[in-house]
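Below, each chain spelled out in residue letters.
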Amino acid sequence: LKKKTNISEPNPQGAPAALGVVTATCVSKVELRLSCRHLLDRDPLNKSDPSVVLLMQSQGQWVEVDRTEVIKSSLHPVFSKVFTLDYYFEEVQKLRFEAYDIHGHCSIGSQDDDFLGGMECTLGQIVAQKKMTRALLLKNGKHAGKSTITVIAEEISGNNGYVELSFRAKKLDDKDLFSKSDPFLEIYRINDDQSEQLVYRTEVVKNNLNPVWETFKVSLNSLCSCEEKRPLKCLVWDYDSRGKHDFIGEFSTTFMEMQKAIEEDKVQWDCVNPKYKTKKRNYKNSGVVILSDLKIHRVYSFLDYIMGGCQIHFTVAIDFTASNGDPRNSCSLHYINPYQPNEYLKALIAVGEICQDYDSDKKFSALGFGARIPPKYEVRAFPLYYTSTGIQGVVESYQNCLPKIQLYGPTNVAPIIAKVARMAAAEERTGEASQYYILLILTDGVVTDMADTREAIVRASYLPMSIIIVGVGNADFTDMQILDGDDGVLRSPKGEPVLRDIVQFVPFREFKNASATALAKCVLAEVPKQVVEYYSHKELPPRCPNMDSPDASPGPPQ
């Protein structure tokens, strides 16, 4: 007879806590697959034997990362080699692909190799388009005939969701003399080295040979390392308060088998005690374990949304209040130095160069505030018109408007946030993960409409948008730290908290002597998490655009 004790713990020692939504990391690994079409034919007797070299820019130098195999005699190669790269949203990762015709076993880059063309882009551009085809260019900048290279990106997902499982059992063996068994279930993952890793242990159901265990959640990474065919071992025990649990039986399965069992309504396994099976001629089982329910919850990463077609819409708002100083004066924060960009331009370029890779039309919204605008010289937010696309167009319009406006005040930010929020609200009503808005506010001082700004941020936290505020100059920005929820939850004047933290505030002076990439890393590092948080809260999956497979046919590798 064993000692009994009342157990109220739902999860005995050793079991992992039931998992909620798995947060995807901001840094991911991306696989790149390459193919080419219409390569130049450099061989007089045969077709070219192409190979592609991948280079990445590091500290201004091109460094070889990897290279494909050589495909013999093909002008339309599809390479089997897969390039695996670490991906960082907050960095511009410049890549160069160079195609060569390989002669013999010489290394790529020797004088015997014929250069077939190259292409430069960023990793951000590739993942934003998911499939990108570009012309190959010769070293003189001219097109290499009709040659093109196609790069297809795919994220390697580590934690791609969690599963809810509900188990019960019937007719378990009774291991107790004066009462019924107190069963609990353990699930183990079998690792590659055949070791067993405990995944989950259920609660104990007291005095019951037909237990119904509580539904539990576990990540797919934890359950099966995201491999549906990985073996799982399940053990049923009769609980003993002294730790000497009596073994009832076991069964083996896989996550794939569990899914199939649910679909076909064959959701039970014989719970077998190997000793009894050996000793007892007519032994069938020590009960059966039944999978009552299985629900898969896919958890999406930032790259899932970007590669599903979600566009990052970038808006910049620039402070033209009088406290910046007369732009004609070299002491002004808006002074245009022909030899060195001012702080406004440095911040604008650093952040904009990242965001432009994720906006297909490259037409940013650019606004000014705090200035008097001709002809009536009213103080209001005004658009900066420009003809060039991308961040360069915003830079040009900023420089062109300075002589035409009168710096004034006050520093009212709430109307700017509300303006972008209206666009984000229209996007929210589509019910799709298609547009996410980033508002970059560049200002030289503490906002004068702090109460309204707090209210606007709380409202915006329910919308697909993030706000980055860069403080330019040497003002005391202490009060601005309130808007960044890192030190506590930001609340509206009425006490309503933000739904999620969407504001990042950074004083530019902290990066004055650092590279532009350091500022971009700091202010953009939170954006991937904010994008995922918003769409997860709305339970919106990524869109799934049609993506044609490459139509080139592979040649036999060398």
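Owing to the predicted nature of the structure, the values given are computational and were not obtained by experimental measurement.

Trainee: For this particular structure, what's the right way to read the overall build of the protein?
Mentor: Looking only at helices and strands, the protein has 11 helices and 25 strands in total. Counting only residues that meet the buried cut, the protein has 49% of its 558 residues in that class. Within the protein, counting contacts between residues at least 6 apart in sequence, those at least 24 apart form 71% of the total. Per element, the accessible surface of the protein, about 27,000 Å² overall, is 48% carbon and sulfur.

Trainee: Help me out: how do you make sense of the sheet that holds strand β10 (residues 183-190) in this one?
Mentor: Note on sheets: strands pair through backbone hydrogen bonds, and any given pair is parallel or antiparallel. Taken together, 4 strands build an open sheet; the order of strands is β11-β10-β13-β14 and the sheet is antiparallel. Each having just a single partner strand, β11 (196-201) and β14 (246-254) make up the two edges of the open sheet. Across the sheet, the mean angle separating the axes of adjacent strands is 25° when strand polarity is ignored. Here β10 pairs with strand β13 (residues 231-238) via 7 bridges, running antiparallel. Looking across to β13, one finds that Pro183 is bridged to Asp238. Docked against the sheet, helix α3 (residues 255-264) engages β13 and β14, running at close to 85° with respect to β14.

Trainee: How should the nonpolar core be read in this particular structure?
Mentor: Membership of the largest hydrophobic core comes to 85 residues, with the highest contact counts inside it found for Leu32, Phe97, Val127, Phe320 and Leu524. The leading source of residues in this core is helix α6 (residues 343-355), at 8 residues.

Trainee: Help me understand unusual backbone geometry, please; the structure alone is not making it clear to me.
Mentor: A negative phi angle characterises most non-glycine residues, just as the trans form characterises most peptide bonds. Residue Pro375 is reached from Pro374 by a cis peptide bond, and omega for that bond is 5°. Position of Pro375 relative to the elements: it lies in the loop between β19 (371-373) and β20 (378-379). Phi at Gln59 takes a positive value of approximately 55°, unusual for a residue other than glycine. Within the secondary structure, Gln59 sits in the loop between β2 (50-58) and β3 (61-67).

Calculation criteria
- Per chain, residues are indexed from 1 in the order of the written sequence.
- Totals for whole chains, interfaces and linings use every residue, but because this is a predicted model, local features are given only for residues with pLDDT of at least 70 and side-chain atom pairs only at 80 or more, for both listing and counting.
- Where side-chain values are given, they derive from all heavy atoms of the structure, hydrogens and water being excluded.
- Numbering goes from the N terminus for both helices and strands, where a helix is a DSSP run of H or I of at least four residues and a strand is a run of E of at least two.
- Whether a residue is buried, partly exposed or exposed follows from its accessible area with a 1.4 Å probe, protein chains only, as a fraction of its type maximum: under 20%, in between, or over 50%, in that order.
- Only heavy atoms enter the contact rule, under which two residues are in contact if any of them lie within 4.5 Å.
- Note that accessible areas follow from Shrake-Rupley with a 1.4 Å probe, and for residues the cover is restricted to the protein chains shown.
- Strands are treated as partners if at least two bridges between them are detected by DSSP.
- Note on geometry: axes are C-alpha line fits, over the in-contact stretch for helices, and angles between N-to-C directions span 0 to 180 degrees.
- Take the buried residues of types Ala, Val, Leu, Ile, Met, Phe, Trp, Tyr and Cys, join any two whose side-chain atoms come within 4.5 Å, and each joined set is a nonpolar core.

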